[in-house]
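Each chain is listed here by its residues.
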Amino acid sequence: MIAPWLKAGLWGLLAGSALLLGAAIGYFAPIRQRIVAGIMAFGSGVLISALSFDLMNEAYEQGGFTATAVGFLSGAAIYTLANWILARQGAKHRKRSGKQQLTEKDSAGSGTALAIGALIDGIPESIVIGISMIKGGTVSMVAVVAIFLSNLPEGLSSSAGMKKAGRSKQYIFGVWAFISLASGLASLAGYTIFGQFQEEVISAITALAAGAILAMLSDTMIPEAFEHAHDFTGLITVLGFLTAFILNRLTEG
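An account of the accompanying structure is given in this report. For clarity, every value in this text was computed on a predicted model and none was experimentally measured. (Residues numbered from 1 in each chain as written. Predicted model: local features only at pLDDT ≥ 70, side-chain atom pairs only at ≥ 80, totals over all residues. Heavy atoms only, no water.)

## Concerning the packing of aromatic side chains
The line we're drawing: For Phe, Tyr and Trp, where Trp contributes only its six-membered ring, two rings pair if their centres lie within 6.5 Å, and the inter-plane angle classes them as stacked under 30 degrees, edge-to-face over 60, or tilted in between. Runs of E in the DSSP output that reach at least two residues are strands. Runs of H or I that reach at least four are helices, and both are numbered from the N terminus. Each residue's exposure class comes from its accessible area (1.4 Å probe, protein chains only) as a fraction of the maximum for that residue type: buried when under 20%, exposed when over 50%, partly exposed otherwise. Counting as a charge over the ring demands two things of the Lys NZ or Arg CZ atom: a distance within 6 Å of the ring centre and an angle within 35 degrees of the ring normal.
In the structure shown here, the tally under the stated rule is six aromatic pairs. Ring geometry for Phe-53 against Phe-241: centres 5.6 Å apart, planes inclined by 70 degrees, an arrangement best described as edge-to-face. Placement of the pair is Phe-53 in helix H2 (residues 33-91) and Phe-241 in helix H7 (residues 233-252), with a sequence separation of 188 residues. Exposure remark for Phe-53: the relative accessible area of 28% places this residue in the partly exposed category. Judged by centre distance (5.8 Å) and plane angle (65 degrees), the ring pair of Phe-194 and Phe-197 falls under edge-to-face. An aromatic cluster is defined as three or more aromatic residues linked by ring pairs; in this entry it consists of Tyr-27, Phe-28 and Phe-173. The cationic tip of Lys-163 hangs over the ring face of Tyr-27; the distance from NZ or CZ to the ring centre is 4.5 Å.

Shown next as structure tokens:
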């Protein structure tokens, strides 16, 4: 029988592996930017639904309104600050599939900033997977599926942009392999570390992750989707939201 902490790490690794899979598709089988944008919009809708009906609801039930609100706002603020700093270092367009990403020649250190930016985008999602296992030792399949579906277009779009910016194959796949592994470790940490805390703290951490995810969607994924999908962005995002909502209700039953 697999230990719960190991299960948490493996589920996080599975969700994170979508980043590497998406990167491979984006690098070796370039897809039209309009299609990439549509996938990005769908993934955004999936994540919005998951954090609305799964994460925030769970946080509120565990810790009440105050812990949830403080955590949610803190997560958004922390992510926004980190994203602002990284944007000034050359990572502003890290999820863009076009030619917006800076090269190392354009901005020294932008490669490191891109890698760190991709890491902070994925860590909050992965922690949520581990936290979902604290009660009962079973993972939230809605969270895993939602994160997997959103990670796929993230890796696809970003790797396509990295390639156009002249990043090497070793750099691109090294970044996404590292972040996939980090996703597993973050999920493991979410289960082992936060499982020792009181429910109010777990509630705040869950809401913090939700706030960071929503800020990330607003700052990175949705702008990329809108730039190329234009008038269809809203409809595709709604379809993603509905898909995750249905999945949530089916798993509850």
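## Examining helix H1 (residues 4-28)
Note the following rule: Helix span is expected to be 1.5 Å times the residue number reduced by one. To get the bend at any residue, fit one axis to the seven residues that end at it and another to the seven that begin at it, then take the angle between the two axes.
With 25 residues, H1 extends 36 Å between its outermost C-alpha atoms, agreeing within 8% with the 36 Å of an ideal straight helix rising 1.5 Å per residue. Where H1 bends most, the angle comes to about 25 degrees, and this point is Ala-15. Along H1, the positions that sit buried rather than exposed are Ala-8, Gly-9, Gly-12, Ala-15, Gly-16, Ala-18, Leu-19, Gly-22, Ala-23, Gly-26 and Tyr-27.

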